[in-house]
Amino acid sequence: SFDGLLSYRLAAAPLPPGERIALLFERAEHRLSRMGDRAGAFGDFKQILKINPEHVASIYKLAYGAVADKDLRTAAHWLERFLALVGSEDEERAAAARLDLAASYEAIGEPARAIEILRRAAGLRPTDPQPIERMSELYLGRGDVGNAVDALRDAEPRLPTARAQAALQLRVGEILRDVGHD
């Protein structure tokens, strides 16, 4: 089997760190995608991090493995590490990771931390309405109508079209009517 071949290659002789990481990563990907061996794959990713603690691809895989497993404390840990390393190199994945990190903090009962992450996300991507819309949902969930509405109003200039801005104003009106009793 391919897994056996990679395992043999890893055990047969000492390898330079770069080659060892490449083989471990290939085996982890094979285990994850072809064999369904999540535990083995995540063990390989962790071995990679023992060799190179800043291996971004392994940290990313561990983060989203934890998200998929609904192990949200672990997901938050790995997402924090991913974001600390990736910076602005991969802005799309970093933006998604910030939203997932906020969702993880919210789910483990740390809404203030989630809001802090969303504020930071909104500051880093001034044209992206998602962090502010998500922050509004968090405030609503906490019964804080005023901050929820303020957050949505802050999102309005970020929206690309008049139609999207009008939809947001309708949402504000619905919140004030249904929740805020305005």
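Quick caveat: nothing in here was measured; it's all calculated off a predicted structure. (Residues numbered from 1 in each chain as written. Predicted model: local features only at pLDDT ≥ 70, side-chain atom pairs only at ≥ 80, totals over all residues. Heavy atoms only, no water.)

Asker: Explain the overall build of the protein to me, using residue names and the numbers behind them.
Answerer: Broken down by element type, the protein carries 10 helices and 0 strands. A globule of 182 residues ought to have a C-alpha radius of gyration of about 16 Å, yet the protein, at 21 Å, is considerably larger. Reported as C-alpha extents along the three principal axes, the dimensions of the protein are approximately 70 × 30 × 25 Å. When each of the 182 residues of the protein is scored for burial, the buried share is 37%. Between the centroid of the 25 positive side chains of the protein and the centroid of its 28 negative side chains there is a distance of 4 Å. (Helix = DSSP H or I, 4+ residues; strand = E, 2+ residues; numbered from the N terminus. Rg over C-alpha atoms; globule rule 2.2 N^0.38 Å. Buried < 20%, exposed > 50% of the residue type's maximum accessible area, 1.4 Å probe, protein only. Lys, Arg positive; Asp, Glu negative; His and termini not counted. Charge placed at Lys NZ, Arg CZ, Asp CG, Glu CD.)

Asker: Hey, could you go over the packing of aromatic side chains for me, with residue numbers and the actual values?
Answerer: The full count for this structure, using the stated rule, is 4 aromatic pairs. A centroid spacing of 4.8 Å and a plane angle of 50 degrees characterise the contact between Tyr60 and Tyr64, whose relative ring orientation is tilted. Of the two residues, Tyr60 and Tyr64 are both situated in helix α4 (residues 56-68); the distance of 4 residues between them amounts to about one turn of the helix. Where Tyr60 meets Phe82, the ring centres are 5.1 Å apart and the plane angle is 55 degrees; that geometry is what we call tilted. In this pair, Tyr60 sits in helix α4 while Phe82 sits in helix α5 (residues 72-86), placing the two residues 22 residues apart along the sequence. What makes Tyr60 partly exposed here is its relative accessible area of 21%. (Phe/Tyr/Trp six-rings, centres within 6.5 Å; stacked < 30°, edge-to-face > 60°.)

Asker: Let's hear about the environment of Phe45: which residues, and what values?
Answerer: The topology assignment puts Phe45 in helix α3 (residues 38-51). Since its relative accessible area comes to 0%, Phe45 is described here as buried. Spatially, the C-alpha atom of Phe45 lies 43 Å from that of Val145, the residues being 100 residues apart in sequence. Apart from residues lying up to four places away in sequence, Phe45 is in contact with Phe25, Ala28, Glu29, Leu32, Ser58, Lys61 and Leu62. (Contact = heavy atoms within 4.5 Å.)

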